[in-house]
Amino acid sequence: MQMDNQLPPQKAPGFCSFRYGLSFLLHCCNVIIMAQRTCLNLTMVVMVNSTDPHGLPNISTKKLLDNIKNPVYNWSPDIQGIILSSTFYGFVIVQVPIGYFSRIYSIKKIIGFALCLSSVLSLLIPPAAGIGEAWLIVCRTVQGVAQGIVATAQSEIYVKWAPPLERGRLTSMSASGFLLGPFIVLVVTGVICESLGWPMVFYIFGACGCALCLLWLFLFYDDPKDHPCISISEKEYITSSLVQQNGFLSSLPNLFACICGILAGHLSDFFLARNILSVTAVRKLFTAAGCLLPATFGVCLPYLSSSFYGTVIFLILAGATSSFSLGGALINGLDIAPRYFGFIKACTNLIGMIGGLISSTLTGLILNQDPESAWFKTFILMAAINVIGLIFYLIAGEAEIQDWAKEKQHTRL
């Protein structure tokens, strides 16, 4: 009896492997950049003084010490809006260029430099705010560029590090950091501001980012073949199962999702300002668009496997149109309970992160059991989940302030 000498490659250890450790490291990087990005949204409350006049001669010592720990500035609402949105503009403009350059230059150096830059700028935000709002806007804009580089360039990492049957698990583990970051900010920022002062929020997240940058430069290599610490079996498993991908194409859904998100925000406010639709109708309309359009484009994908450009276009549309929900369910918590919107947002982010982890695991199981029709089943399942969630939202969704969230006024007789 003749034995077959060509055996399939042995699967390297899974959860305890180096590639999963790398995904967790990238998860931590995403947590940090999102924390650095969103913490100003909360500290702005204590940074701006809209009630107490400055420079009074009979100010108490306690008040003076509190002003040193928590400096306050007289910024108008317009200036506050520009400061808060400045990172977004930097984030958007870098998407396509970095998607292209990430194929040419070292990902290790690109992400390491961008993470370091974002962290150093986080350390500089308190003194920049003290100098003037223009310097703060510049810091935030450049920080947005750096954070956009980290968010976009990392898609090129999995071209060489993620085996095809593990891409869902590895990418979702790292991408879940984008959801966990705002949750951590919402939990700890208030405590830090009260006990140490709002500047310490930026110093803490900036210092964590700098430390993480050193770990990144020490542990990450662009190619698993060059890494000195990875085991031979895992190295062979990764390199033998990979095919070439395109980081530039991977960045396009992010860019178009940003565009669709901006469009959704402007259109929803336009409908409300002109009294074309009620708040409830607007929220349900954009939620329906954000659920049905990605489901439709996703279900069509398996039928376009013979057309490269058709597949790319529908992948971009499926990822981009989901951001229409930014004008719908994703902001609905602000309508029904503005007092508790931060807590509601944190809870929904946590649920979304758990859903992402479950979906990646489920996708891996489907791919292992039936590789031929796996993607068709995956996209059908995605469409079914979207439709079921949408039906529930259309039935139960409201946009009026709920009784339990209303301010309770106490009057004295």
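Residue numbering note: each chain is counted from 1, following its sequence as written. Local features in this predicted model are restricted to residues of pLDDT 70 or higher, and side-chain atom pairs are both shown and tallied only at a pLDDT of 80 or more, whereas totals for entire chains, interfaces and linings draw on every residue. Calculation of side-chain values draws on the structure's entire complement of heavy atoms; hydrogens and water are dropped beforehand.

Visitor: In this structure, what is going on with the overall build of the protein chain? I would like to understand it.
Guide: Across its full length, the protein chain holds 17 helices and 0 strands. Relative accessibility thresholds used throughout: buried, under 20% of the residue-type maximum; exposed, over 50%; partly exposed, between the two (1.4 Å probe, protein chains only). When burial is assessed residue by residue, the protein chain has 41% of its 413 residues classed as buried. In what follows, a contact means two residues having at least one pair of non-hydrogen atoms within 4.5 Å. Pairs at least 24 residues apart make up 82% of the contacts formed inside the protein chain by residues separated by at least 6 positions. Using a 1.4 Å probe, the Shrake-Rupley method yields the accessible areas, and only the shown protein chains count as cover for residues. Carbon and sulfur atoms provide 69% of the accessible area of the protein chain, an area that totals close to 22,600 Å². In this text, helices come from DSSP runs of H or I with a minimum length of four residues, and strands from runs of E with a minimum of two, each type numbered from the N-terminal end.

Visitor: Just to check I follow, could you spell out the packing of helix H8 (residues 167–175) against helix H9 (residues 177–195) for this structure?
Guide: The description of two helices packed together rests on the angle between their axes and the distance between the axes. For helices, the axis comes from a line fit to the C-alpha atoms of the stretch in contact; other axes are also lines fit to C-alpha atoms, and the angle between any two N-to-C directions lies between 0 and 180 degrees. Two elements in contact, H8 and H9, have axes separated by 5 Å at closest approach and are oriented at 20 degrees. Judged by the inter-axis angle, H8 sits roughly parallel to H9. Across the interface between the two elements, Met-173, Ser-174 and Ala-175 of H8 pack against Gly-177, Phe-178 and Leu-179 of H9. Residues are grouped as follows: nonpolar covers Ala, Val, Leu, Ile, Met, Phe, Trp, Tyr, Cys and Pro; charged covers Asp, Glu, Lys and Arg; every other residue, Gly included, is treated as polar. When grouped by side-chain class, the residues that make up the contact of H8 with H9 number 4 nonpolar, 2 polar and no charged. What sets the label is the angle itself: under 35 degrees gives roughly parallel, over 145 gives roughly antiparallel, 65 to 115 gives roughly perpendicular, and the rest give oblique.

Visitor: Looking at this model, I keep getting lost on the packing of aromatic side chains. Mind explaining?
Guide: To describe a pair of aromatic rings, one takes the distance between the centres and the angle between the planes. Aromatic rings from Phe, Tyr and Trp, with only the six-membered ring used for Trp, were paired whenever their centres fell within 6.5 Å, and each pair was classed as stacked if the ring planes differed by under 30 degrees, edge-to-face if by over 60, and tilted otherwise. In this structure the tally under the stated criterion is 10 aromatic pairs. Ring centres 4.4 Å apart and planes at 15 degrees place the aromatic pair Trp-216 and Phe-220 in the stacked group. Look at Trp-216 and you get buried, because its relative accessible area is 0%. Classification of Phe-220 by relative accessible area gives buried; the value is 1%. Ring pairs connect the aromatic residues Phe-18, Trp-161, Trp-216 and Phe-220, which therefore count as one cluster.

Visitor: Quick question: what am I supposed to make of helix H14 (residues 308–320) here?
Guide: Two residues of an α-helix separated by three or four positions point the same way, owing to the 3.6 residues in each turn. Taking 1.5 Å of rise per residue, the 13 residues of H14 would be expected to cover 18 Å, and the 18 Å separating its terminal C-alpha atoms lies within 8% of that figure. Gly-310, Val-312, Ile-316, Ala-318 and Ala-320 are the residues of H14 that are buried. One less than the residue count of a helix, multiplied by 1.5 Å, gives the span that helix is expected to have.

Visitor: Would you mind showing me how to read the side chain of Ser-176 here?
Guide: Structurally, the position occupied by Ser-176 is in the loop between H8 and H9. A distance of 2.7 Å separates the side chain of Ser-176 from the backbone oxygen of Met-173, its partner in a polar contact. Polar contact criterion, stated in full: a pair of N or O atoms within 3.5 Å, where within protein one must be able to donate a hydrogen and the other to accept it, and residues adjacent in sequence count only if both atoms are side-chain atoms.

Visitor: Looking at this model, I keep getting lost on a nonpolar patch on the surface. Mind explaining?
Guide: Patches in this entry comprise residues that are over 30% relatively accessible and not in a salt bridge; like charges within 9 Å are linked, as are nonpolar side chains (Val, Leu, Ile, Met, Phe, Trp, Tyr) within 5 Å. In what follows, salt bridge is the name for a side-chain nitrogen of Lys or Arg lying within 4 Å of a carboxyl oxygen of Asp or Glu. A cluster of nonpolar side chains, namely Tyr-100, Phe-101, Ile-104 and Tyr-105, defines an oily patch on the protein surface of about 430 Å² accessible area. With respect to the element layout, Tyr-100 can be found in helix H4 (residues 95–101). Taking relative accessible area as the criterion, Tyr-100 reaches 42% and is therefore assigned partly exposed.

Visitor: Help me understand the confidence of the model for the protein chain, please; the structure alone is not making it clear to me.
Guide: Do not read the fine detail of predicted coordinates wherever pLDDT is low. The quantity known as pLDDT measures the predictor's confidence residue by residue, on a range of 0 to 100. Of all residues in the protein chain, 84% attain a pLDDT of 70 or more, and the chain-wide mean is 80. Contacts for the low-pLDDT stretch residues 1–10, under 50 throughout, to residues beyond four places or in other chains number 2 contacts. Note that residues 51–62 has pLDDT below 50 and, in this model, 5 contacts with residues that lie over four places away or in other chains.

Visitor: Before we go on, may I ask you to explain the packing of helix H1 (residues 18–47) against helix H6 (residues 133–153) in this structure?
Guide: Taken N-terminus to C-terminus, the directions of H1 and H6 make an angle of 155 degrees; their axes are 10 Å apart at the nearest point. Between H1 and H6, the crossing angle belongs to the class labelled roughly antiparallel. When you trace H1 past H6, the crossing you get is left-handed. Contacts between H1 and H6 pair Asn-30, Ile-33, Gln-36, Arg-37 and Leu-40 from the former with Arg-140, Gln-143, Gln-147, Val-150 and Ala-151 from the latter. In this scheme the crossing of two helices becomes right-handed for a clockwise turn of the near helix relative to the far one and left-handed for an anticlockwise turn of less than a right angle.

Visitor: Where do I start with the nonpolar core in this structure?
Guide: Nonpolar side chains in soluble globular proteins tend to be buried together. Residues Ile-111, Leu-115, Ile-157, Trp-161, Trp-216 and Phe-220 are the most contacted members of the largest nonpolar core, which totals 31 residues. When contributions to this core are tallied by element, the ones reaching two or more residues are H1, helix H5 (107–131), H6, helix H7 (157–161), H8, helix H10 (199–219) and helix H11 (232–241). With 7 residues, the single largest contributor to this core is H1. Here, the term nonpolar core denotes a set of buried Ala, Val, Leu, Ile, Met, Phe, Trp, Tyr and Cys residues that are joined through side-chain atoms within 4.5 Å. One finds Met-44, Leu-121, Leu-136 and Cys-193 within the second-largest nonpolar core, a separate group that totals 22 residues.

Visitor: Even after reading the chapter, I still don't get the pattern of salt bridges, so can you show me in this structure?
Guide: Note on pairing: side chains with opposite charge can pair once their charged atoms come close. Scanning all chains against the criterion turns up 3 salt bridges. Here Asp-223 makes a salt bridge to Lys-160, at a shortest N to O gap of 3.9 Å. Residue Asp-223 is located in the loop between H10 and H11, and its partner Lys-160 is located in helix H7; the two are separated by 63 residues in the primary sequence. Asp-223 sits in the buried class, given a relative accessible area of 14%. Residues Asp-335 and Arg-283 are paired through a salt bridge, measuring 2.6 Å at the closest nitrogen-oxygen approach. With Asp-335 in helix H15 (residues 329–336) and Arg-283 in helix H13 (residues 279–300), the pair connects residues that are 52 residues apart, well separated along the chain. Pair check on accessibility: Asp-335 and Arg-283 agree, each one buried.

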